[in-house]
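Residues per chain are reported as follows:
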Amino acid sequence: MLLKTPTSIRGISRWAGVAFLLTALFLGLAVLSYDPNDLAFFTTNVNDPLKNYAGVLGSWMAFFLFMSFGAAAYLLPLIGMMIAVSALSSKEPPHLWKKLAMGLAFAGLSALLLAAHSIFRWDGLLAKINIPSAGGLVGQRIANDILARYIGGKGTLLLLFPL
């Protein structure tokens, strides 16, 4: 039976930190260079060559992130980089799954806030990345289908105002 020593756990956390860092950099490149015309999902006039610096995979990943989290997708590479720095700089085994869950919860909360605060004018951003809501589907579903349905518009405003 192979026992995990503190040295091997530290090595695993370093590899995980490098993996998170590379993934976060790739996602950052994909999200920042996203162009909805790179994919034939919304248009028949597809960019040739692609404008996304991360290629076809980056275009699809950015599309999925923007549809899911809306403008909060810009936060996901930063969250990944923070997890990577934490894993690389920690002397003790980091709890990466807890940090990843917290990061996704933060992105979901950000999506909710973006979708719920319709007082801001998101038209330019929505047109640029071609999404229906500033909070993406996650924020739109939480804000409209759950909160607005069960506590109403004014209750949602009172709940989200302190945030």
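The shown structure was predicted, so the numbers you read here are calculated from the model rather than taken from an experiment.

### Structural notes on the overall build of the protein
Looking only at helices and strands, the protein has 6 helices and 0 strands in total. In the protein, the succession of helices and strands from N to C terminus is α-α-α-α-α-α. When the 163 residues of the protein are sorted by exposure, 40% land in the buried category. In the protein, 67% of the contacts between residues at least 6 apart in sequence involve partners at least 24 apart. Total accessible area on the protein stands at roughly 10,300 Å², and carbon and sulfur atoms take up 71% of it.

### Some remarks on the nonpolar core
Nonpolar side chains in soluble globular proteins tend to end up buried together. Judged by nonpolar contacts, the single largest core of 21 residues is most densely connected at Tyr34, Ala62, Leu65, Phe66, Phe69 and Leu76. The set of elements that each furnish at least two residues to this core consists of α1 (6–32), α2 (55–69), α3 (76–89) and α4 (96–116). Sorting elements by how many residues they give to this core places α2 first, with 6 residues.

### A few points about a nonpolar patch on the surface
Together, Phe41, Phe42, Leu50, Val56 and Trp60 make up an exposed nonpolar region whose accessible area comes to about 480 Å². On the secondary structure map, Phe42 appears in the loop between α1 and α2. Since its relative accessible area comes to 41%, Phe42 is described here as partly exposed.

### Some remarks on the packing of aromatic side chains
Inspection of every chain in the model, using the stated rule, returns 3 aromatic pairs. Aromatic pair Tyr34 and Phe66: ring centres 5.1 Å apart, planes at 40°, arrangement tilted. A residue pair is termed long-range when its members are at least 10 positions apart, and Tyr34 in the loop between α1 and α2 and Phe66 in helix α2 qualify at 32 residues. Residues Tyr34 and Phe66 agree in their burial class; the two are buried. Taking 5.2 Å as the distance between ring centres and 70° as the angle between the ring planes, the aromatic pair formed by Phe66 and Tyr74 counts as edge-to-face. A relative accessible area of 26% places Tyr74 in the partly exposed class. Three or more aromatic residues link up through ring pairs in this structure, and these residues are Tyr34, Phe66 and Tyr74.

### Here we look at the pattern of salt bridges
Using the criterion set out here, one finds 1 salt bridge in the structure. Among the ionic pairs, Asp35 bridges to Lys51, the shortest N-O distance being 3.8 Å. Taken together, the positions of Asp35 in the loop between α1 and α2 and Lys51 in the loop between α1 and α2 put the pair 16 residues apart, joining distant regions of the chain. Judged by its relative accessible area of 14%, Asp35 falls in the buried class.

### Focus on α2
When the terminal C-alpha atoms of α2 are compared, their 21 Å separation across 15 residues agrees well with the 21 Å that a helix rising 1.5 Å per residue should span. In the segment just after α2, Gly70 is the residue with positive phi, at about 65°.

### Re the environment of Asp35
For the pair Asp35 and Phe63, spaced 28 residues apart in sequence, the C-alpha separation works out to 8.7 Å. For Asp35, the contacting residues outside a window of four places in its chain are Asn47 and Lys51.

### Remarks on α3
Here α3 is 14 residues long and its end C-alpha atoms lie 20 Å apart, about the 20 Å a rise of 1.5 Å per residue gives. Of all the residues in α3, the buried ones are Leu76, Pro77, Ile79, Gly80, Ile83, Ala84, Ser86 and Ala87.

### Let's talk about the confidence of the model for the protein
Within the protein, residue pLDDT values average 76, and 71% of them lie at 70 or more. Within the protein, the lowest mean pLDDT, 66, falls on helix α5 (residues 123–129), and the highest, 88, falls on α2.

Quick notes on the rules
- Residues numbered from 1 in each chain as written.
- Predicted model: local features only at pLDDT ≥ 70, side-chain atom pairs only at ≥ 80, totals over all residues.
- Heavy atoms only, no water.
- Helix = DSSP H or I, 4+ residues; strand = E, 2+ residues; numbered from the N terminus.
- Buried < 20%, exposed > 50% of the residue type's maximum accessible area, 1.4 Å probe, protein only.
- Contact = heavy atoms within 4.5 Å.
- Areas by Shrake-Rupley, 256 points an atom, 1.4 Å probe, with all protein chains shown as cover.
- Core = buried A, V, L, I, M, F, W, Y, C linked by side-chain atoms within 4.5 Å.
- Patch = residues over 30% accessible without salt bridge, like charges linked within 9 Å, V, L, I, M, F, W, Y side chains within 5 Å.
- Salt bridge = Lys/Arg side-chain N within 4 Å of Asp/Glu carboxyl O.
- Phe/Tyr/Trp six-rings, centres within 6.5 Å; stacked < 30°, edge-to-face > 60°.
- Expected span 1.5 Å × (residues − 1).
- pLDDT = per-residue confidence, 0-100.

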